[in-house]
Amino acid sequence: MQLPEKVINLMPYAPNEGNFDVVLDANESFISLDEKIADKLSMEIKNINFNRYPDPTAKKLRQAFADFYSLPWECCVASNGSDEIIGVIINCLTQKGDKILTLAPDFSMYGFYSHLSEVKSIQIDKLGESDKDIEEIIKILEKEKPNMIIFSNPCNPSGKIFTKEQIRKLLKGCNCLFVLDEAYMDFSDQSMLNEFENYDNLIILKTCSKAFGLACLRVGFAVCVKELADKLLAVKSPYNVNTVSQLMAQKVLYEKEYLLSCIEKIIESKKSLCKGIEELEQKYQNSFKSEKTYTNFAVIKTNEANEIFEFLKQKKISVRCFNGFLRITAGNDKENKAFLQAFEQYLKERQG
Ligand SMILES: *Cc1c(COP(=O)(O)O)cnc(C)c1O
């Protein structure tokens, strides 16, 4: 048997393997669900019709999400994590021979699904979410006429952000499908969610996995004009979000005050993590550079990303290693401290 060329070199997605005491590699929330809310959810379990398929339209879940952000529910489509809807958008809203414009660095799944869908992807290396980047993207949009542009804002993994003004400018220069992944926007204030109705080619992606601390449920959303939303509903797999996830996420989304307080805590934790990193930057001059981020993670620029990554791994601390930089998810006080201490030990030993 001959497998298609495109899958021969693929390997299963492997998050940082190993046994870690401190897990700061996946941008999850460090806050697990409040016990009282968890108790309420456990009462709900017995009301589930386990023998029946889920609601294919996930109406109540979409309503809860729409209420949280004050959006029309018909314009919100639920998915099995935003990962799934990224795959659906790239696979179903393009056809053979199409081109997708992506930016770098960015979320790896865009390239992954483009590869599987056999669309041509064009990549622009960003300079750091600047006006120059916007000009460059507009230039490439005009020149290459791609069928879709997709990127995250704020960006995973750079942590940087384009302002609303910059995004509007891009939208003005774009008549193809525009997919804006706002997975981390709850930690910042440049969301286009309130303006999505002005653009018939804009799809905004959201997830419950990061700010809301519900990564285990696998629930994400696409927000777009109803005509597009109806198309997404038409092409997604019918029972994509299971009943348990629909119910649990729906209930938690109505705990708005609680969720907002979690977001506050995560922002505070990231600030204190960054402060610790900046203090080390002062103390050990010229050994690395800390970057300003608008997300729930810190970024350290360094030529020794691999060495630091391996050192931390030995201390049972996992962070994410990229070419030339490290990404560290904000954890609780203890986790942040463990990272900072181990990082300082590395810097000390390096100085010798
Ligand atoms: C984590 C992440 C997602 C994935 O979210 P899920 O809903 O857990 O699939 C999507 N986009 C970006 C940029 C992310 O970092």
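Numbers given for residues are sequential positions, taken from 1 along each chain in its written order. In keeping with the predicted nature of the model, local features appear solely for residues at pLDDT of at least 70, side-chain atom pairs appear and are counted solely at 80 or more, and the whole-chain, interface and lining totals rest on all residues. Only hydrogens and water are set aside; all other atoms, that is, all heavy atoms of the structure, feed into the side-chain values.

Caption draft 1: Quick look at the pattern of salt bridges. In the sections that follow, a salt bridge refers to a side-chain nitrogen of Lys or Arg positioned within 4 Å of a carboxyl oxygen of Asp or Glu. One pass over the structure, following the stated rule, counts 17 salt bridges. One salt bridge connects Glu129 with Lys126, and the closest N-O pair in it is separated by 2.5 Å. Note on Lys126: relative accessible area 12%, which makes it buried. When the shortest N-O distance is used, the salt bridge between Lys160 and Glu291 registers 2.6 Å. Taken together, the residues span a long stretch of sequence, with Lys160 in the loop between strand S5 (148-152) and helix H7 (164-172) and Glu291 in strand S9 (residues 289-291) at a distance of 131 residues. Buried means the residue's accessible area, taken with a 1.4 Å probe over protein chains only, is under 20% of the maximum for its type, while exposed means over 50%, and partly exposed covers the values in between. A relative accessible area of 12% means that Glu291 is categorised as buried. Among the charged side chains, a salt-bridge network with shared partners connects Lys160, Lys289, Glu291 and Lys301. Numbered from the N terminus, helices here are DSSP runs of H or I no shorter than four residues, and strands are runs of E no shorter than two.

Caption draft 2: Region of the structure containing unusual backbone geometry. In this model, Ala104 is joined to Pro105 through a cis peptide bond whose omega is 0°. Here Pro105 lies in the loop between strand S3 (99-104) and helix H5 (108-116). Asn156 connects to Pro157 through a cis peptide bond whose omega is 20°. Mapped onto the secondary structure, Pro157 falls in the loop between S5 and H7.

Caption draft 3: Just the site of the ligand, in detail. Taken together, 14 residues form the shell around the ligand, and within it Asp181, Tyr184, Thr207, Ser209 and Lys210 come nearest. The definition of a polar contact used here is a pair of N or O atoms within 3.5 Å, where within protein one atom must be able to donate a hydrogen and the other to accept one, and adjacent residues in sequence count solely through side-chain atom pairs. Between Ser82 and the ligand, the recorded distance is 2.6 Å, taken from a backbone N or O atom to an oxygen atom. Protein coverage of the free-state accessible area of the ligand, which is 390 Å², stands at 94%. Looking at the shell around the ligand, the element that brings in the most residues is helix H4 (residues 81-92), giving three residues. Ten residue types, Ala, Val, Leu, Ile, Met, Phe, Trp, Tyr, Cys and Pro, are classed as nonpolar, four, Asp, Glu, Lys and Arg, as charged, and the remainder, Gly among them, as polar. Looking at the shell around the ligand residue by residue, the classes come out as four nonpolar, six polar and four charged. Neighbouring residues are identified by heavy atoms, a residue being near a molecule or strand if any of them is within 4 Å of it. Calculation of accessible area relied on Shrake-Rupley with a 1.4 Å probe; when residues are assessed, cover is drawn exclusively from the protein chains displayed.

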